[in-house]
Amino acid sequence: MAGAVDDQWPKKVIEGSTCTQTHLYKHSWELMMAAYEARFVSQTHPRLPNLVGWAMADRAVDEQRGLETYVRTITVAGDVPWLVARATGLETLEIVQTVEVDRFRRKISMVSKNTTWRDRLQMDEDCSYFADPDEPAWTGFKQTATLSVSLGGYGIESTVEGFLISAYSDGIDKVSSYPWHRNPDSLPSDTSAPPVLE
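Attention in this report is confined to the structure presented alongside it. All values derive from a computational prediction rather than experimental measurement.

1. Side note on the nonpolar core
Here's step 1: If you look at the biggest cluster of nonpolar residues, it comprises 20 residues, and the most contacted ones within it are Tyr36, Val99, Val101, Ile108, Met110 and Tyr129.
Here's step 2: Of all the elements in the fold, those that place two or more residues in this core are α1 (29-38), β3 (51-62), β4 (67-77), β5 (92-102), β6 (107-114) and β7 (121-131).
Here's step 3: With four residues, α1 is the single largest residue contributor to this core.
Here's step 4: In this structure Met110 touches Tyr36, Gln97, Thr98, Val99, Glu125, Asp126, Cys127, Ser128 and Tyr129, once residues within four positions along its chain are discounted.

What follows is the structure in structure tokens.
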């Protein structure tokens, strides 16, 4: 992966209702893992204003294989695009996230799906952080989001999907501009270490 992406802005590709970004962080997988887990030290996070709360639904640990899997439900606010909010009255979204951590292979995979209004709007996201095969001290990142809209046969689904995936892409740019996203070392000292997941 080294050389394919750099440590500047994420590389994005939008095809129809799918948005994919790849990125190479010049930080260790362990640091990126700690930064990810620091998001869920408490119910909210001062640097994640959209996070309303979360709950652990299931968790399993296989210490011999270095594996940990868990499912959490997450409530977010403010990420509902205006068009969706106007049509549905939604102010928050419920998301189910399935996470698999492989500490031996130095990889974390996350699959997120919305449960709110899913019969009309499906937002599926696959993310992974992994030790770069060419530069093990660095971390590769890949994120793919797919949107599918069903509006009862009005024939405007593709237009709405295009609008929403564009809004999603704009959100990537906004988050990527935050210093703490670009540099995990800038996390506050009280959230720099991974928490114990109950």
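2. Considering the sheet that holds β4
Here's step 1: Taken together, eight strands build an open sheet; the order of strands is β1-β2-β8-β7-β6-β5-β4-β3 and the sheet is antiparallel. Every interior strand has two partners, whereas the edge strands, β1 (11-15) and β3, have only one. Across the sheet, the mean angle from the axis of one strand to that of its neighbour is 15°, orientation sign disregarded.
Here's step 2: Bridge count between β4 and β5: 11 bridges; the pairing is antiparallel. Its bridge partner lying in β5, Ala77 is registered against Thr92.

3. Observations concerning the packing of aromatic side chains
Here's step 1: For the coordinates displayed, the defined rule picks out five aromatic pairs.
Here's step 2: With a centroid separation of 5.8 Å and 65° between ring planes, the pair formed by Tyr36 and Phe40 is classed as edge-to-face.
Here's step 3: For Phe40, a relative accessible area of 7% puts it in the buried group.
Here's step 4: Joined through ring pairs, the aromatic side chains of Tyr25, Tyr129 and Phe141 make up one cluster.
Here's step 5: Here Arg72 stacks its cationic end above the ring of Phe40, 3.7 Å away from the centre of that ring.
Here's step 6: Its end group placed over the ring of Trp54, Arg72 keeps NZ or CZ at 5.4 Å from the ring centre.

4. Some thoughts on α1
Here's step 1: Of all the 10 residues making up α1, eight are buried; the element is thus mostly covered by neighbouring parts of the structure.
Here's step 2: Of the residues making up α1, those classed as buried are Trp29, Met32, Met33, Ala34, Ala35, Tyr36, Glu37 and Ala38.
Here's step 3: Those residues of α1 that are buried lie in contact with β2 (18-25), β4, β5, β6, β7 and β8 (139-149).

5. As for the pairing of β3
Here's step 1: In this structure, β3 lies alongside β4, joined through 10 bridges in antiparallel fashion. From the neighbouring strand, Arg59 faces β4, where its bridge partner is Tyr70.
Here's step 2: Hairpin connection, β3 to β4: the antiparallel pair is bridged by four residues, and Gly66 has positive phi, about 70°.

6. Brief notes about the side chain of Asp132
Here's step 1: As for its placement among the helices and strands, Asp132 is situated in the loop between β7 and β8.
Here's step 2: Here Asp132 sits buried without a salt bridge, and the closest side chain of opposite charge, Arg106, lies 9.5 Å off (N-O distance).
Here's step 3: A distance of 2.7 Å separates the side chain of Asp132 from the backbone nitrogen of Glu135, its partner in a polar contact.

The rules we used
- Residues numbered from 1 in each chain as written.
- Predicted model: local features only at pLDDT ≥ 70, side-chain atom pairs only at ≥ 80, totals over all residues.
- Heavy atoms only, no water.
- Core = buried A, V, L, I, M, F, W, Y, C linked by side-chain atoms within 4.5 Å.
- Buried < 20%, exposed > 50% of the residue type's maximum accessible area, 1.4 Å probe, protein only.
- Helix = DSSP H or I, 4+ residues; strand = E, 2+ residues; numbered from the N terminus.
- Contact = heavy atoms within 4.5 Å.
- Pairing = 2+ DSSP bridges.
- Axes fitted to C-alpha atoms, helices over the stretch in contact; angles between N-to-C directions.
- Phe/Tyr/Trp six-rings, centres within 6.5 Å; stacked < 30°, edge-to-face > 60°.
- Lys NZ or Arg CZ within 6 Å of the ring centre and 35° of its normal.
- Lys, Arg positive; Asp, Glu negative; His and termini not counted.
- Salt bridge = Lys/Arg side-chain N within 4 Å of Asp/Glu carboxyl O.
- Polar contact = N/O pair within 3.5 Å; in protein donor to acceptor, adjacent residues only side chain to side chain.

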